[in-house]
Amino acid sequence: MVATKPVDFRKGAEALAALVREAMGADPFSGTVYVYRAKRADCVKLIWWGGTGMVLYAKSLETGRFQWPSIRDGVIRLSVGERAALLEGLDWKRVHQARSERQPTTPA
């Protein structure tokens, strides 16, 4: 799940988990990955419950910005492929399912 508003990047895992409960109305211990961004969109933080503790992953791009979804009210859900593209700094909106190729048939 993707937060739609930037957060103060001084927040740690516990403070971000509190935001999951308060702002998103979700359970931070469900195993769902929650994605937050900095105001400049050049940094992201992810948190999730790893079974034995809260995991915090942070990434900042050396150049450029993360292609962030449009900021709207509510929460944005991304597929695994879209999330991977977002974290690589790619335009996640261009990710789509693989097209199935038709196998040519040979005449009998």
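Residues numbered from 1 in each chain as written. Predicted model: local features only at pLDDT ≥ 70, side-chain atom pairs only at ≥ 80, totals over all residues. Heavy atoms only, no water.

**As for the overall build of the protein chain**
Assigned secondary structure in the protein chain consists of two helices and three strands. Listing the helices and strands of the protein chain from first to last along the sequence gives α-β-β-β-α. The buried share among the 108 residues of the protein chain stands at 34%. Within the protein chain, contacts between residues separated by at least 24 positions form 45% of all contacts whose residues are at least 6 apart in sequence. (Helix = DSSP H or I, 4+ residues; strand = E, 2+ residues; numbered from the N terminus. Buried < 20%, exposed > 50% of the residue type's maximum accessible area, 1.4 Å probe, protein only. Contact = heavy atoms within 4.5 Å.)

**Focus on helix α1 (residues 13-23)**
Here α1 has its buried residues at Ala13, Leu16, Ala17, Ala18 and Val20. Backbone geometry just downstream of α1 places Gly25 in the positive-phi region, at approximately 65 degrees.

**Some details on unusual backbone geometry**
The phi dihedral of Ala41 falls on the positive side, at around 65 degrees, and the residue is not glycine. Locating Ala41 in the fold gives a position in the loop between β1 (34-37) and β2 (43-49). Looking at Ala41, the relative accessible area reads 7%, which means it is buried.

**Focus on the environment of Leu78**
Mapped onto the elements of the fold, Leu78 is located in the loop between β3 (54-60) and α2 (80-87). Sequence spacing of Leu78 and Val35 is 43 residues, and the spatial spacing of their C-alpha atoms is 9.9 Å.

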